[in-house]
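Listed below are the residues making up each chain.
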Amino acid sequence: MIPVELTVNGRETHLQLDPRTSLLDALREHLHLTGTKKGCDHGQCGACTVIVEGRRINSCLTLAVMHDGEAITTIEGLGTPDKLHPMQRAFITHDGYQCGYCTPGQICSAVAVLEEIEAGIPSHVTDDLDKVALTDAELRERMSGNICRCAAYPNIIAAINDVAGGAKA
Amino acid sequence: MKFDTPAGLNPIDKGRVVGKAHDRIDGAAKVTGTAPYAYERHDAAPNAAYGWMVGSGIAKGRIAAMDLRAAEAAPGVLGIVTHANAGKLGKGSMNTAPLLGGPQIDHYDQAVALVIADSFENARDAAKLVRIDYTSEGGKFDLAAERPNAVKPPEGGFGGSPDTAVGDFDGAFAKAAVKVDQNYSTPDHSHAMLEPHASTAAWNGDKLTLWTSNQMIAWTVGDVAKTLGIPKANVRLVSPYIGGGFGAKLFLRADALLAALGARQVGRPVKVALARHQIPNNTTHRPATIQRIRIGADKDGVIDAIGHEVWSGDLPGGGPETAAQQTRLLYRGANRMTAHRLATLNLPEGNAMRAPGEAVGLLALEVAMDELAEACGVDPVELRIRNDVQYDPEAGTQRPFSSRKLVECMRAGAERFGWNKRQAKPGQVRDGRWMVGMGVASAFRNNLVGKSGARIGVDAKGQVIVETDMTDIGTGSYTIIAQTAAEMMGVPLEAVTVRLGDSRFPVSAGSGGQWGANSSTAGVYAAAMALRAKLAEKAGYSVDQAEFEEGLIRHENKSQTLAALAGREGVWAEDSIEFGDLDKRYAQATFGAHFCEVGVDMDTAEVRIRRMGGAFAAGRILNPKSARSQVIGAMTMGAGSALMEALDVDTRFGFFVNHDMAEYLVPVHADIPEQDVLFIEELDDKSSPMKAKGVGELGICGAGAAVANAIYNATGIRIRDYPLTIDKLLKAQVA
Amino acid sequence: MKPFTYSRATSAQEAATMAASTQGARFIAGGTNLLDLMKLQIETPTHLIDVNPLKLDQIEKTADGGLRIGALVRNTDLAADKVVRHDYGVLSRALLSGASGQLRNKATTAGNLLQRTRCPYFYDTRMPCNKRKPGSGCGALQGMSRNLAILGVSDACIAQHPSDMAVAMRLLDATVDTVGADGAARSIPIADFHLLPGDTPHVETVLKAGEIITSVTLPKPIGGTHVYRKVRDRSSYAFALVSVAAVFGKNDASRFAFGGIGAKPWRTADADAAAGSGAKAVAEAALAGARTTHHNEFKKKLVEQTLTSLYRQKEARA
């Protein structure tokens, strides 16, 4: 067992973990933060997306012990039913989900994607690598690491656009 | 409540809440990650141990020896379930192969053990230490090779008779002025819902509670009881949130059975989720098909003869993929035949996946129609309109459709999509490196109905509570049931609480075959009518003249609040909807028209969907918002079946090789741009008091064919072997 | 995932020494491939040395005008780096075509080079695979091989190298800088870094026991028009069927490297030399010695067609 300190959603936590414990299982099984989902456990679906030190990653493909001392934001840290994050609100308004299982990962990804675009990080569909714009094509490409088998895809893009528009105004 | 005569005007027709677009009432729970799924019940089953399934490494044969010593000695291991210690197990009536294999092995990754440990990591690790020696017996794994050995399956089942015939098909086809005679094939498909099959089990004495991810609570209670040999009354299933199913979770599967056996063995709650890479071979899949379609028409495209033959395979005792179903009902033609043949295959169990039958049947039929349109020189939209039929063409005019708006869907959809811009001749439109084409296909899915019950009450605060074992697999059941209750009881949506997915609640139709929405809301309607009667009686009003609105029951100039009538005890009523023979007297189905525009790279044959659109008629649309999502989601699954989805069979080892989500590809965001959905107004009074029909599967039916037809229109290349991947398109381009 | 002990590296050399002297030790950086494989017990290290504390995450100009990329630079950061965007566009493009945003945020430069194959028989531990279990046979050769390699393959193995980044690195003549267990540094031309399977498909690189990658160095920019074209079965988040990295320079001084078709990132001098003769000639030269199966034969045509597309776009630009 190895001691691991994580700051999750602003709260310091102290865990003793088997080094094999993925960050995902540390959240779900040890901290009981089950909002982050396990869809494939192999980086193939994106359901486990969380934001670590400001960047979205697949929490299934990293060990908790490798994040000692780091800050992690999960879906629970973005908002609660009584105090929704604007992205959460927009997903409801635009029906950006169906079964709800990929949803926390989609939302964490969406929040981070807007920051990535803001930071000028290019994507596969960026024509001029120096000119990163917020377009539907950019959003679709950047969200492609989050699979939604119910396929609420256009609704998710609408939700993100809604938030992005709101932020700009 | 018996529903055996067409519905008249009823409280639903007010359309105050039902039929309006509403946000999902379970939305906040889902977007905040607070909705609890089956593997996440730290609240209900704290201290659950972790089970890891061991799957068979061969497809067919026997376990010669199992050595559990190393696994049992591994750190944290609490127990190991195998056939040798599980006790005598029955087989669920919905299962083809036993869920716990051994010594006989029926398919690859059939469960042969569950290793239970104190942590997930220990269970997963110890499972690798289970040593199994097999005696392999080989098997049949190749549908094309087994096609000559396929037989006529037994009568019955969801698809009806395996064969039908009307008139003189052979004679009429032989004489037809224009003929299409083609073979098509579709591969095995995987549901690939995002939440794996998962269950948490806990025993209290001889009573079992399963928190599980399951579409059909009552079926599965029955099969748990049957498999374990315990009374149904001792089994409770709880399944309030289900992370997608698409048919994969219709039945008791290994996760739930093994969790129950494991929890019994170690005397503590046990939870089991199938690992993603185990799912395609351990669970069910949509079986591959080979299909032959023959259509004979006059020179104007009017069909006189239509025939559809289907070959599929399954384990012994399994059933066929009923891909000719829609061909019995969709188009006119006096001379008709359909036939299903079933081969024995020792692949994993084939079973229902979203729109079983039609989803792959239309991949073939609607391409054949496109071929007929070209052969006759008739526009494909017009061809389908010409061949519309307002009665069951096998039964004749005495069995009309309850409602059928295929023609309206075609016309409205074509206009909205800009179909008139399509060039009839393939390969004419270019946009840079993209060859651009448009395709159309009919959408058709049977409307199934099933008995469905609910309990409904009102409490002292005027809150209306609905309880039913209906499930919400992303379909929007919570919301449409709340809308129904709100409409019936005259309260706002916010005043309704809906509790689903618990076997303690009245048995519903469950979620499958797109029967859930219509049947379960009709069940709520029935219960609400009973509650209205009780409240009216309590108020001293005539129920026939009482109005329920604004939280009140009103009669002439008098009114009382529901809250006051409910009192501290509350008032409850329970009833169910039972369907008579209206679905026998009338053909009942849902219809639509799919349109698609694709670009195909002129050099590399990469296909990109540019836009999809469609018009659909499915009775009353209970919640246009969630219904639209159902349709676009299904359209996307249809696009997946056209372009990329296929379980690859290794015919030597007898398993699906690409058994994870890196290898079994489903569409991602970037594959799906614009999708447009138009609902055609329709009320079907013969379907239920809701005058609704299902819509959850209609969207997949024909969607893939529209993509395939668009590819043909773009390129002039016709591929009849799905999916339409780059390798096949390139090969055809060269040829 | 077998139990392992875990430690954090304090210096590259100490890590190398420790790795060489500890049975079953492996470095972990991003972990996106290693942990994937460890969960399936395809990789079974008994000790993990976390190299993230080494801070090998700088991108800096070299004295001769090239670029030194720290081993731990994340794919996202490398793709977004201003110099890389401007002077090594093919590398940005290749990186951005790979995996997903989440994975690129974690995956490292060195880890990407060491990425292992996606062959499904390698991934299913009950199947024969000479790469995973030497001597057990190749499940893919007579099996489902649509996605697998057609160049550099052997009777023992037809696994493809799955990386996009490494294809661009190969095109740019990168060198892989390492430190050995003995403290000696060396620079390995990327052409020599990956090994062909031959009879020993489990040996994938020339790295010696304990040897650790510290950086990857690019020579000074070569100018020209940089393109990376990846052809796959869906629009994003999928491995390549075929990918082509190309730099089109003046006077037919162009170069090409290929992904999805080789046992390692593929480049031949003959293909570069054929640049002036067009797509078909380049394809023919690149595909010399190709060995296909019924399932992956189409890749030959697809290489040619992908090159045709790139030439068409080049001409359109001219």
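A brief look at the structure comes next. The shown structure was predicted, so the numbers you read here are calculated from the model rather than taken from an experiment. (Residues numbered from 1 in each chain as written. Chains lettered and ligands numbered in written order. Predicted model: local features only at pLDDT ≥ 70, side-chain atom pairs only at ≥ 80, totals over all residues. Heavy atoms only, no water.)

With that out of the way, let us pick up helix 13 (residues 516-539) of chain B. Taking 1.5 Å per residue as the helical rise, helix 13 of chain B with its 24 residues ought to reach 34 Å, and the 34 Å between its terminal C-alpha atoms agrees with that figure. Within two residues after helix 13 of chain B, G540 of chain B carries a phi angle of roughly 80°, on the positive side. (Helix = DSSP H or I, 4+ residues; strand = E, 2+ residues; numbered from the N terminus. Expected span 1.5 Å × (residues − 1).)

With 305 residues, the main nonpolar core has L372, M489, V598 and V707 of chain B together with F256 and F258 of chain C as its most contacted residues. For this core, the leading source of residues is helix 9 (residues 358-376) of chain B, giving twelve residues. Apart from residues no more than four positions distant in its own chain, V707 of chain B is found in contact with C596, V598, I609, M612, A639, A642 and L643 of chain B. L78, I190, F193 and A245 of chain C belong to the second-largest nonpolar core, a separate cluster that totals 35 residues. (Core = buried A, V, L, I, M, F, W, Y, C linked by side-chain atoms within 4.5 Å. Buried < 20%, exposed > 50% of the residue type's maximum accessible area, 1.4 Å probe, protein only. Contact = heavy atoms within 4.5 Å.)

The next subject is the pattern of salt bridges. Residue and element names in this part refer to chain B. Tallying each qualifying case throughout the model produces 85 salt bridges over all chains. In this structure, R236 engages D502 in a salt bridge whose closest nitrogen and oxygen atoms are separated by 2.5 Å. Residue R236 is found in strand 12 (residues 235-238), and its partner D502 is found in the loop between strand 21 (496-499) and helix 13; the two are separated by 266 residues along the sequence. Residue classification places R236 among the partly exposed residues on the basis of a relative accessible area of 22%. In this structure, R585 and D581 form a salt bridge, with 3.2 Å as the shortest nitrogen-oxygen distance. Its relative accessible area of 36% is what places D581 among the partly exposed residues. Bridged by salt links that share partners, the residues K14, E547, E549, E550 and R554 form one connected network. (Salt bridge = Lys/Arg side-chain N within 4 Å of Asp/Glu carboxyl O.)

At the interface, 40 residues of chain C touch 39 residues of chain B. When residues of chain C are sorted by the area they lose upon contact with chain B, R126, R234 and S235 of chain C head the list and together hold 19% of the total. Our count for the contact surface shared by chain C and chain B stands at five salt bridges. Notably, a salt bridge pairs R229 of chain C with E606 of chain B, separated by 2.7 Å at the nearest N-O pair. Taken together, chain C and chain B are joined by 19 residue pairs in polar contact (both at pLDDT 80 or more). By residue number, the principal contributor to the side of chain C that touches chain B is helix 13 (residues 298-317) of chain C, which donates nine residues. Among the residues making up the side of chain C that touches chain B, the classes are represented as 14 nonpolar, 13 polar and 13 charged. (Buried area = accessible area lost by both parts, 1.4 Å probe. Polar contact = N/O pair within 3.5 Å; in protein donor to acceptor, adjacent residues only side chain to side chain. Nonpolar A, V, L, I, M, F, W, Y, C, P; charged D, E, K, R; others polar.)

What follows covers the sheet that holds strand 4 (residues 59-61) of chain C. Residue and element names in this part refer to chain C. Here we have five strands laid out as an open sheet, ordered 4-5-8-6-7, and antiparallel in their pairing. Every other strand in the sheet has two partners, leaving strand 4 and strand 7 (185-189) as the edge strands with one partner each. Mean inter-strand twist for the sheet, computed between neighbouring axes without regard to direction, equals 25°. Alignment of strand 6 (residues 175-179) against strand 7, held across five bridges, turns out to be antiparallel. (Pairing = 2+ DSSP bridges. Axes fitted to C-alpha atoms, helices over the stretch in contact; angles between N-to-C directions.)

All names here are of chain B. As for its placement among the helices and strands, A259 is situated in helix 7 (residues 254-266). A sequence separation of 84 residues divides A259 from A343, and the C-alpha atoms of the two residues are 33 Å apart. A259 has contacts with L114, S199, A201, A254, V270 and V272, leaving out every residue within four places of it along the chain.

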